Amino acid sequence: MKYFYARVSSITQNLDRQVKLFKELGADDRDIFIEKKSGKNFEDRNEWKKLVARLRSGDIIVIKNLDRLGRNAKEVREILINLASQDIIIESIDQAYLNDFLKSNLIHKKADSLAEAMLNVMLDTMLQVDLLKAEWERKELRKRQKEGIERAKENGKKFGRTKNNKYRELFKEYFPRTRNKEAPDYITVNTAIKLIGCSSGMFQNLKNEYLLYKGDKK
């Protein structure tokens, strides 16, 4: 039986890409286990526990990347070896080149203690290189995204709450004119709201924010 395990480290991250990839490989929803948990502690991963409890000899777990299993090569290796001892194999989509190696050297291994020690060293090295590569790629992606945002800002593109910022600028222009009825440019609050183009609730929020910033309680 083939199962699929998807994980991200926090509830704000999205699992859709991993799940979509699994479905493209023919996975049924019932065979996909999804988790929004840190890689820090397997004891907190309830979906992983459910998956492991269902496993039988000869089953396969498909993951997108080996880093979905643990934070470092040692943890990943221990999980791989523990599952292999039960005749269960992990298949990684991103590290497909490792799948045959893992199957032949962990599931079907016939080795003495020296050969097993050498295998552990080889596996650790391969995992460390690949996990470091995956982490480097994530950092490079974040770096390129940040650089792209900076270039866009330099070209005049605005990010974030641009609509609210527009209201703030208009509020700064019109709100002071509602403060003094004797002033020649006085306008009512209702007129200011219409000129700004916001709701009365938004106007009140902008007023509170403005007065707090100015240190004015009126």
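Structure first, text after, so check above.
Rules and cut-offs
Residues numbered from 1 in each chain as written. Predicted model: local features only at pLDDT ≥ 70, side-chain atom pairs only at ≥ 80, totals over all residues. Heavy atoms only, no water. Core = buried A, V, L, I, M, F, W, Y, C linked by side-chain atoms within 4.5 Å. Buried < 20%, exposed > 50% of the residue type's maximum accessible area, 1.4 Å probe, protein only. Helix = DSSP H or I, 4+ residues; strand = E, 2+ residues; numbered from the N terminus. Polar contact = N/O pair within 3.5 Å; in protein donor to acceptor, adjacent residues only side chain to side chain. Contact = heavy atoms within 4.5 Å. Arc of directions from axis to C-beta.

Student: Which residues make up the nonpolar core, and what values go with them?
Tutor: Within soluble globular proteins, side chains that are nonpolar tend to cluster in buried spots. Among the nonpolar cores identified, the biggest contains 30 residues, and Trp48, Leu51, Ile61, Leu66, Leu69, Leu83 and Ile90 are the most heavily contacted of them. Listing elements by their share of this core, those giving two or more residues are strand 1 (2-8), helix 1 (16-24), strand 2 (32-36), helix 2 (46-54), strand 3 (60-63), helix 3 (73-84), strand 4 (89-92) and helix 4 (96-107). Among the elements that make up this core, the one with the highest residue count is strand 1 (five residues). In terms of nonpolar packing, the next biggest core, distinct from the first, is built from 14 residues, Ile196, Phe203, Leu206 and Leu211 among them.

Student: Hey, could you go over the side chain of Thr178 for me, with residue numbers and the actual values?
Tutor: Along the chain, the position of Thr178 falls in the loop between helix 6 (162-174) and helix 7 (189-196). At 2.7 Å, the side chain of Thr178 forms a polar contact with the backbone oxygen of Phe175. If near-sequence neighbours (up to four positions away) are discounted, Thr178 is found in contact with Tyr186, Ile187, Thr188, Val189 and Ala192.

Student: Let's hear about helix 1: which residues, and what values?
Tutor: Those residues of helix 1 that fall on the buried side of the exposure criterion are Gln18, Val19 and Phe22. Axial view of helix 1: buried residues confined to an arc of 95°, hence all on one face. Helix 1 presents Asp16, Arg17, Lys20 and Glu24 as exposed residues on the side facing more than 90 degrees away from its buried surface. The elements touched by buried residues of helix 1 are strand 1, strand 2 and strand 3. Downstream of helix 1 by a residue or two, Gly26 has a phi angle that is positive, lying close to 95°.

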